[in-house]
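# Working through the structure, step by step
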Protein chains: 2
Amino acid sequence: MEKIDKRANILEAAEKLFIELGYEATSTRQIAKDAAVNMAMINYYFGSKDGVFMEIMSQRIADFNAQLSCLDQGNMSGMEKLLKVIEGYTTRILSNPGFHKMMHRELSMPQRPEMFFKIKNSMAQNLMIIEKIITDGITEGSFRQVDVRMLIATIMGTISNVAISPSKITSGTTLDINNEEDRELITIRLIDHLKDLIITYLTPKNDT
Amino acid sequence: MEKIDKRANILEAAEKLFIELGYEATSTRQIAKDAAVNMAMINYYFGSKDGVFMEIMSQRIADFNAQLSCLDQGNMSGMEKLLKVIEGYTTRILSNPGFHKMMHRELSMPQRPEMFFKIKNSMAQNLMIIEKIITDGITEGSFRQVDVRMLIATIMGTISNVAISPSKITSGTTLDINNEEDRELITIRLIDHLKDLIITYLTPKNDT
DNA sequence: AGAAATTAATCAATCGATTGATTAATTTTG
DNA sequence: CAAAATTAATCAATCGATTGATTAATTTCT
């Protein structure tokens, strides 16, 4: 029988190569080879190399957004909401740092405008969720007055930095973000740090 | 007379294209065209496309390190030192966000190992400067006890995020990091934010 | 100084290799 | 048998690099 899903094979092999080599440096021949599939299958299933890329990105982004859209509910306090969202983002992004790396790379080369805007909009959407929570918190006085956009850059930037930068740099000399066990430890450590940072920074000072 | 420096022209045109399109997507033909130079001049002066890229990166990195290596001196307090370094980094990186973008892109594709390690080492060096300041501050009790590496990820990540992400996302709806005037405003805003954040986060709590 | 020799700079043309994509033929499946 | 899936072979286009020839500038020799 050995019925193999060639379509899925292509997606899997392509994602791995795109992450590793980037879009341009990845050839359709290499994708076909790694997927153990004839070259023409790529165009048969996805129309083009671009089609493969779009499919991968769209899937992951949709998946990402779906898992995060259900985080902001419930009658929690502003701080509880914010910490919950941060924890969700961190866990989600660090669960697949390779894809996050690829996404950022793509965002830094606005060559495929369609994909560029898809990523940008996805980010903007997530950003607005956080922005609303912080702004509301400031309005009702439970948060200090801060530069909201810059604070969001701090949150997102910290997560990205841990996900993308060579882990030997970020997390110390021993941990490797590409190792599953280490990644769990890094994730916990990052969440703890962000919580501590946000609580310390946003909690109003009790003046006399 | 009109003696033009073709070598410099090539470097300038190439950097612009590398930033905009990425290494792979930039053709030597386009570089030659934009530099108003014959194709063969690229190989004549730099040996190869890779040679051009290496030259650009090496120059910028050396320049960057030179400008920053002189920041950590003087008999300032730990906090003063740290804020000074952060201000220096921010100013320097935001003065050329395009290059920073390209550097991160390159760091996410370890295809040219030589360049990868050059960038990595440059970053590691800068990282160690900050780490020492923070660690010393913690030891002597002027800083709170925090996860140093993660805090560095926050500092670097925040700066990178502002430099790299589409500015409409980071800095609000009106500012554009590619506009010179806006960039100045963003730089000031980012420095203010980081100072506020770091001071708030690292200043020991005055318990009862 | 001036002719001769040497080096540096520049060019058009083209190389072989590789790219993404397509075709036409074949096999598998329902 | 007909539709879908798969293959090998091939397409034009583009890639980075190199060639041999030509011109401009510099150095050497007398």
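Criteria and cut-off values
- Residues numbered from 1 in each chain as written.
- Chains lettered and ligands numbered in written order.
- Predicted model: local features only at pLDDT ≥ 70, side-chain atom pairs only at ≥ 80, totals over all residues.
- Heavy atoms only, no water.
- Helix = DSSP H or I, 4+ residues; strand = E, 2+ residues; numbered from the N terminus.
- Expected span 1.5 Å × (residues − 1).
- Polar contact = N/O pair within 3.5 Å; in protein donor to acceptor, adjacent residues only side chain to side chain.
- Near = heavy atom within 4 Å.
- Nonpolar A, V, L, I, M, F, W, Y, C, P; charged D, E, K, R; others polar.
- Contact = heavy atoms within 4.5 Å.
- Salt bridge = Lys/Arg side-chain N within 4 Å of Asp/Glu carboxyl O.
- Domains from an automatic or database assignment.
- Buried area = accessible area lost by both parts, 1.4 Å probe.
- Buried < 20%, exposed > 50% of the residue type's maximum accessible area, 1.4 Å probe, protein only.

## A look at helix 10 (residues 180-202) of chain B
Here helix 10 of chain B is 23 residues long and its end C-alpha atoms lie 32 Å apart, about the 33 Å a rise of 1.5 Å per residue gives. Near the N-terminus of helix 10 of chain B, the side chain that reaches the backbone nitrogen of Glu181 of chain B, with its oxygen 2.8 Å away, is that of Asn179 of chain B.

## Topic: the protein's contact with DNA strand C
Every one of the 15 residues lining DNA strand C counts as a neighbour, but Thr28, Arg29 and Lys49 of chain A together with Tyr44 and Tyr45 of chain B are closest to it. Take the atoms of DNA strand C that sit within 4 Å of the protein: sugar and phosphate atoms are 54% of them. The separation between a phosphate oxygen of DNA strand C and a polar main-chain atom of Thr26 of chain A is 3.1 Å. In the model, a base nitrogen of DNA strand C is placed 3.3 Å from a nitrogen or oxygen of the Asn38 of chain B side chain. Listed by contribution, the elements that provide at least two residues to the surface near DNA strand C are helix 2 (28-34) and helix 3 (39-46) of chain A together with helix 3 (39-46) of chain B. Here the element with the most residues in the surface near DNA strand C is helix 3 of chain B; it accounts for four residues. Counted by class, the surface near DNA strand C contains six nonpolar, six polar and three charged residues.

## What about the interface of chain B and chain A?
Across the contact, 45 residues belong to chain B and 45 residues belong to chain A. At the surface where chain B touches chain A, the tally comes to four salt bridges. The partner of Asp196 of chain B in a salt bridge is Arg144 of chain A, with the nearest N and O atoms 3.3 Å apart. At the boundary of chain B with chain A, the tally comes to 18 residue pairs in polar contact (both at pLDDT 80 or more).

## With respect to the domain arrangement of chain A
All names here are of chain A. The domain boundaries assigned to chain A delineate domain 1 (1-47) and domain 2 (54-202). Between the C-alpha centres of domain 1 and domain 2 the distance comes to 29 Å. Facing 10 residues of domain 1, the contacting portion of domain 2 comprises 11 residues. Interface area for domain 1 against domain 2, summed over the two sides, is near 870 Å², with a carbon-plus-sulfur share of 59%. Among the residues of domain 1 in contact with domain 2, Leu11, Glu15 and Ile19 are the three that bury the most area, contributing 56% of the side total. One can count three salt bridges joining domain 1 with domain 2. One salt bridge connects Glu24 with Arg112, and the closest N-O pair in it is separated by 3.9 Å. Viewed at the interface, domain 2 and domain 1 are joined by four residue pairs in polar contact (both at pLDDT 80 or more). In terms of residue count, the dominant contributor to the side of domain 1 that touches domain 2 is helix 1 (residues 6-21) (six residues). When the residues that make up the side of domain 1 that touches domain 2 are grouped by side-chain class, the tally is six nonpolar, one polar and three charged.

## Observations regarding the pattern of salt bridges
One pass over the structure, following the stated rule, counts 20 salt bridges over all chains. One salt bridge in this structure joins Arg60 of chain B and Glu15 of chain B, with 2.9 Å as the shortest N-O distance. You can see Arg60 of chain B sitting in helix 4 (residues 49-68) and its partner Glu15 of chain B sitting in helix 1 (residues 6-21), a full 45 residues away along the chain. What makes Arg60 of chain B partly exposed here is its relative accessible area of 32%. Each member of the salt-bridge network shares a partner with another, and the members are Glu24, Glu106 and Arg112 of chain A.

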